[in-house]
2 protein chains.
Amino acid sequence: MGLEIERKFLVKNDAWRGLVTPVVMCQAYISADPERIVRVRIEDEQARLTVKGKASGISRAEWEYSIPVEDARRMLESVCTPQQIIKHRYRIPYAGFTWEVDEFFGANQGLVVAEIELASEDQVFEKPDWIGEEVSHDFRYVNANLLKQPYSSW
Amino acid sequence: MGLEIERKFLVKNDAWRGLVTPVVMCQAYISADPERIVRVRIEDEQARLTVKGKASGISRAEWEYSIPVEDARRMLESVCTPQQIIKHRYRIPYAGFTWEVDEFFGANQGLVVAEIELASEDQVFEKPDWIGEEVSHDFRYVNANLLKQPYSSW
């Protein structure tokens with residue numbers, strides 16, 4: 001098991017654009033229950049099945065397994081909830097950390113968030129200039145919730 | 001993906017006992033939704049995470065992955081629904097097939113069912129004398145349903 005400790009921020013301008021090339025991610029959920037999330041994600045030609053436990057603050061138990069892309073495609077077609085999250089992920093190195101900027105499409109078009117994964121809840125890090133308001137505790141930004149209540153409906 | 005094609009029967013006497021030694025299985029569900037089942041199972045010192053699609057007759061899409069036993073234990077403790085299925089499984093060879101006899105414990109104590117996995121829905125097979133009534137189409141016997149409505153409550 002991994003413990004996922006993550007902080008999430010809005011992005012206040014476009015200064016991050018052009019720094020790196022994004023990967024395309026397509027993901028959907030077998031379980032979108034916030035206490036037991038099961039996510040299928042395809043990123044380029046790799047796929048993963050991820051189980052996440054209930055969040056406690058900014059931490060959450062997480063187990064992730066590589067699976068054949070063909071399995072993931074079939075699950076997205078048949079067993080997952082029909083809505084999918086489609087996003088571009090930009091992995092931007094900054095001051096010893098990697099910021100993951102997610103630019104959403106489809107029903108969440110217009111939404112851009114940046115995440116940083118930490119080793120402990122109180123780990124100190126430097127923020128790039130383009131990082132805006134923190135939304136770590138705003139459940140609307142949880143990807144499984146963005147499926148049910150997409151950004152365009154806010 | 002595998003396609004799981006299975007027929008399920010009650011067991012009408014104890015003639016199958018003593019033929020083989022059982023393994024102990026302990027399983028629970030991250031999703032018990034019959035259209036998208038996610039099961040965690042520990043069998044002896046092996047563990048598997050299984051995704052099952054919606055059943056169509058006696059067939060169902062199934063994807064199964066080996067996972068570390070420690071991951072499975074943590075999931076059973078934290079992320080799965082609290083009820084668990086505990087059963088002994090007897091794998092009994094008969095006329096070229098393997099019959100899986102499941103003897104349930106806990107809230108399903110007293111229930112014994114036998115399953116046979118087929119390559120096609122119409123595949124012909126011979127039944128041992130101890131095989132009783134077919135229950136393939138009786139959803140009460142689906143393990144994910146036995147959690148919600150255990151045999152002792154029927």
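Predicted model only: the values in this text are computed from it and were never measured.

Colleague: Now, about the overall build of chain A: what can you tell me, with residues and values included?
Modeller: Per the secondary structure count, chain A includes two helices and nine strands. For chain A, the N- to C-terminal ordering of α and β elements is β-β-β-β-β-α-β-β-β-β-α. Relative to the globule expectation of 15 Å for 154 residues, the C-alpha radius of gyration of chain A, 15 Å, shows essentially globular dimensions. With the C-alpha coordinates aligned to their principal axes, the bounding extent of chain A is approximately 40 × 30 × 30 Å. Taken across its 154 residues, chain A has 51% of its residues classed as buried. Of the contacts made within chain A by residues no fewer than 6 positions apart, 60% connect residues no fewer than 24 positions apart. Total accessible area on chain A stands at roughly 7,500 Å², and carbon and sulfur atoms take up 48% of it.

Colleague: Run through the interface of chain B and chain A, naming residues and quoting values.
Modeller: Residue-level contacts link 21 residues of chain B with 21 residues of chain A. Each partner contributes to the roughly 1,700 Å² buried at the junction of chain B and chain A, and carbon and sulfur atoms together form 69% of this total. Considering only the side of chain B, the residues that lose the most area to chain A are Arg36(B), Trp63(B) and Tyr65(B), jointly responsible for 32% of the buried surface there. Summed over the shared surface of chain B and chain A, the number is four residue pairs in polar contact (both at pLDDT 80 or more). Only strand 2 (23-33), strand 3 (36-43), strand 4 (46-52), strand 5 (59-67) and helix 1 (69-78) of chain B provide two or more residues apiece to the side of chain B that touches chain A. Looking at the side of chain B that touches chain A residue by residue, the classes come out as 12 nonpolar, four polar and five charged.

Colleague: Lay out the UniProt feature "domain: CYTH" (unreviewed entry) in chain A in plain terms, naming residues and giving numbers.
Modeller: Residues annotated in UniProt with the feature "domain: CYTH" (unreviewed entry) correspond here to residues 2-154 of chain A. As a span, residues 2-154 of chain A carries 10% helix and 48% strand, and end to end its C-alpha atoms are 32 Å apart.

Colleague: So what about the relation of the copies chain B and chain A? Which residues, and what values?
Modeller: Expressed as a screw operation, the relation of chain B to chain A combines 0.0 Å of axial shift with a rotation of 180°, fitting to an RMSD of 0.0 Å. Read as a symmetry element, the transformation amounts to a two-fold axis. Among all residues of chain B, the one whose C-alpha sits closest to the rotation axis is Ser31(B), at a distance of 3.1 Å. The overlap is high: 100% of the interface residues of chain B also sit at the interface in chain A, so the same surface is used on both sides.

Colleague: How would you explain helix 1 (residues 69-78) of chain A if you had to name every residue and give the values?
Modeller: Residues spaced three or four apart along an α-helix point in a common direction, a consequence of the helix completing one turn every 3.6 residues. For helix 1 of chain A, the full list of buried residues reads Val69(A), Asp71(A), Ala72(A), Met75(A) and Leu76(A). All buried residues of helix 1 of chain A fall inside an arc of 155° around its axis, so they share one side. Looking at the buried side of helix 1 of chain A, the elements it contacts are strand 2 (23-33), strand 3 (36-43), strand 4 (46-52) and strand 5 (59-67) of chain A together with strand 4 and strand 5 of chain B.

Colleague: Give me the environment of Ala61(A): which residues, what numbers.
Modeller: Along the polypeptide, Ala61(A) turns up in strand 5. Counting along the chain gives 58 residues from Ala61(A) to Leu3(A), while the straight-line C-alpha distance between them is 4.6 Å.

Colleague: Give me the lowdown on the environment of Glu100(A), citing residues and values where you can.
Modeller: Residue and element names in this part refer to chain A. Mapped onto the elements, Glu100 comes out in strand 7 (residues 97-104). What makes Glu100 buried here is its relative accessible area of 17%. A sequence separation of 92 residues divides Glu100 from Lys8, and the C-alpha atoms of the two residues are 9.4 Å apart. Ignoring anything within four residues of it in the chain, the contact list for Glu100 reads Arg89, Tyr90, Arg91, Val113, Ala114 and Glu115. A polar atom in the side chain of Glu100 sits 3.2 Å from the side chain of Arg89.

Colleague: Lay out the pairing of strand 1 (residues 2-11) of chain B in plain terms, naming residues and giving numbers.
Modeller: Residue and element names in this part refer to chain B. With four bridges joining them, strand 1 and strand 5 adopt antiparallel strand pairing. Note that in strand 5 the partner of Glu4 across the bridge is Arg60. By the bridge criterion, five bridges tie strand 1 to strand 8 (residues 112-117) in an arrangement that is antiparallel. What sits directly across from Phe9, in strand 8, is Ala114. Summarising the sheet, strand 1 and strand 9 (residues 131-134) pair through two bridges and their orientation is antiparallel. What sits directly across from Phe9, in strand 9, is Glu134.

Colleague: Residue-level account of the nonpolar core, with values.
Modeller: Ranked by size, the top nonpolar core spans 38 residues in total, and within it Ile30(A), Leu49(A), Met75(A), Ile30(B), Leu49(B) and Met75(B) carry the most contacts. Look past the residues within four positions of Leu49(A) in its chain and what remains in contact with it is Ile30(A), Val38(A), Arg39(A), Val40(A), Trp63(A), Glu64(A), Tyr65(A), Ile67(A), Leu49(B), Val51(B) and Tyr65(B).

Colleague: Please give an account of the side chain of Arg89(B) that cites residues and values.
Modeller: Residues and elements named next belong to chain B. Its location among the elements puts Arg89 in strand 6 (residues 85-94). Accessibility expressed as a relative area gives 5% for Arg89, which makes it buried. A distance of 2.8 Å separates the side chain of Arg89 from the side chain of Asp102, its partner in a polar contact. When residues no more than four places from it in sequence are discounted, the contact partners of Arg89 are Thr21, Pro22, Val23, Met25, Arg41, Glu100, Val101, Asp102 and Glu115.

Conventions we followed
- Residues numbered from 1 in each chain as written.
- Chains lettered and ligands numbered in written order.
- Predicted model: local features only at pLDDT ≥ 70, side-chain atom pairs only at ≥ 80, totals over all residues.
- Heavy atoms only, no water.
- Helix = DSSP H or I, 4+ residues; strand = E, 2+ residues; numbered from the N terminus.
- Rg over C-alpha atoms; globule rule 2.2 N^0.38 Å.
- Buried < 20%, exposed > 50% of the residue type's maximum accessible area, 1.4 Å probe, protein only.
- Contact = heavy atoms within 4.5 Å.
- Areas by Shrake-Rupley, 256 points an atom, 1.4 Å probe, with all protein chains shown as cover.
- Buried area = accessible area lost by both parts, 1.4 Å probe.
- Polar contact = N/O pair within 3.5 Å; in protein donor to acceptor, adjacent residues only side chain to side chain.
- Nonpolar A, V, L, I, M, F, W, Y, C, P; charged D, E, K, R; others polar.
- UniProt positions renumbered as here; feature names shortened; annotations may be inferred.
- Least-squares fit on C-alpha atoms with pLDDT ≥ 70 in both.
- Arc of directions from axis to C-beta.
- Pairing = 2+ DSSP bridges.
- Core = buried A, V, L, I, M, F, W, Y, C linked by side-chain atoms within 4.5 Å.

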